[in-house]
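# Survey of secondary and tertiary structure
For reference, the chains in residue letters:
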Amino acid sequence: MDGTKPAVGHTLHPVTPGTPQALSPAPGTALREVPGEFDYVNTKVVPLRAEHLERHRIVAYNKNSNMNGPIDLLRTQVLRAMDENGWRTLAITSPTPEAGKTVLAINLAMSIAHHTTRTALLVDFDLRRPKVGSSLGLPMEQSLNEFLSDQAELQDCLVNPTLPRFVVLPTRVPVPMSTEMLSSPKVSNLISDLRNRYESRICIFDLPPLLSSDDAITVIPKFDCVLLVVANGMNNRKEIEDCLHHLARVNLVGTVLNKADEQPRTYY
């Protein structure tokens, strides 16, 4: 990311602390995902810092921010397509690094969490360059790394950032042999478990860039649908065409033009 624009192509406005309906249960608790009902039993609850979110262009935490229009529109379009097809898992990727896919994934997941009938789970599957946890400022003593290496149970790696209906599975450090891991039965079982555990849940997976390695190509067939994030002025025509070739046999829910001077455009 260029550090001057948020993932939705707007100038950043400060996030207003205290606006979201934050919960403050005791630490070490988990979200039972029943619409309108929140029971924290095992998942860690971690407060987010508004100034940290602002620096990382996370605007959707404050659901009353005037920056949320394009994000909420994208949420509505994505959820409509997913509902019509019974899809619950959404992979987000880009042609190359620095296209803003992680920031967009976080903002989209938060916007979905603000939808009162939905819960959102955001998973950092960019195993070579994980950024979700650091972008949110989450502590990651236990993360996807520990789950994949059988050092922790899944419930111990999940984090609720004090935003109702929003849960994060962060990755702390790069994972060795990431392509092999993403093609493993353990990852396939994880995706299936996350998808099927709660009917109201939308699972968003932040994937590696398509053209940087074969990681994303390996794992993409495991998801219901894919959103492609293209950076304006950064990704050229050939890169976009190469991505569309790789995505020809999957359900491409849309392509987002990111980092534009005007409002972002989503193509379906």
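Shown above is the structure to which this text applies.
Residues numbered from 1 in each chain as written. Predicted model: local features only at pLDDT ≥ 70, side-chain atom pairs only at ≥ 80, totals over all residues. Heavy atoms only, no water.

## A few points about the environment of Val 230
Structurally, Val 230 is set in strand E9 (residues 225-231). Take Val 230: its relative accessible area is 5%, and that puts it in the buried class. Once residues within four sequence positions are removed from consideration, Val 230 is found in contact with Pro 95, Asn 235, Ile 240, Thr 255, Val 256, Leu 257 and Asn 258. (Helix = DSSP H or I, 4+ residues; strand = E, 2+ residues; numbered from the N terminus. Buried < 20%, exposed > 50% of the residue type's maximum accessible area, 1.4 Å probe, protein only. Contact = heavy atoms within 4.5 Å.)

## Considerations on the pairing of strand E10 (residues 252-258)
Of all seven residues in E10, six are buried, a share of seventy percent or more. Looking at chain direction, E9 and E10 are connected through six bridges and run parallel. Bridge pairing in E10 places Leu 228 opposite Thr 255. The parallel pair E9 and E10 is bridged by helix H10 (residues 237-246), and the resulting crossover is right-handed. (Pairing = 2+ DSSP bridges. Right-handed = clockwise from strand over helix to strand, strands pointing away.)

## Focus: the packing of helix H2 (residues 69-85) against helix H3 (residues 101-114)
Between H2 and H3, the least distance of the axes is 9 Å, while the angle of their chain directions is 75°. Compared by their axis directions, H2 and H3 come out roughly perpendicular. On H3, the residues that touch Ile 71, Asp 72, Leu 74, Arg 75 and Leu 79 of H2 are Leu 104, Asn 107, Leu 108, Ser 111 and Ile 112. Of the residues contributing to the contact of H2 with H3, the split by class is six nonpolar, two polar and two charged. (Axes fitted to C-alpha atoms, helices over the stretch in contact; angles between N-to-C directions. Parallel < 35°, antiparallel > 145°, perpendicular 65-115°, else oblique. Nonpolar A, V, L, I, M, F, W, Y, C, P; charged D, E, K, R; others polar.)

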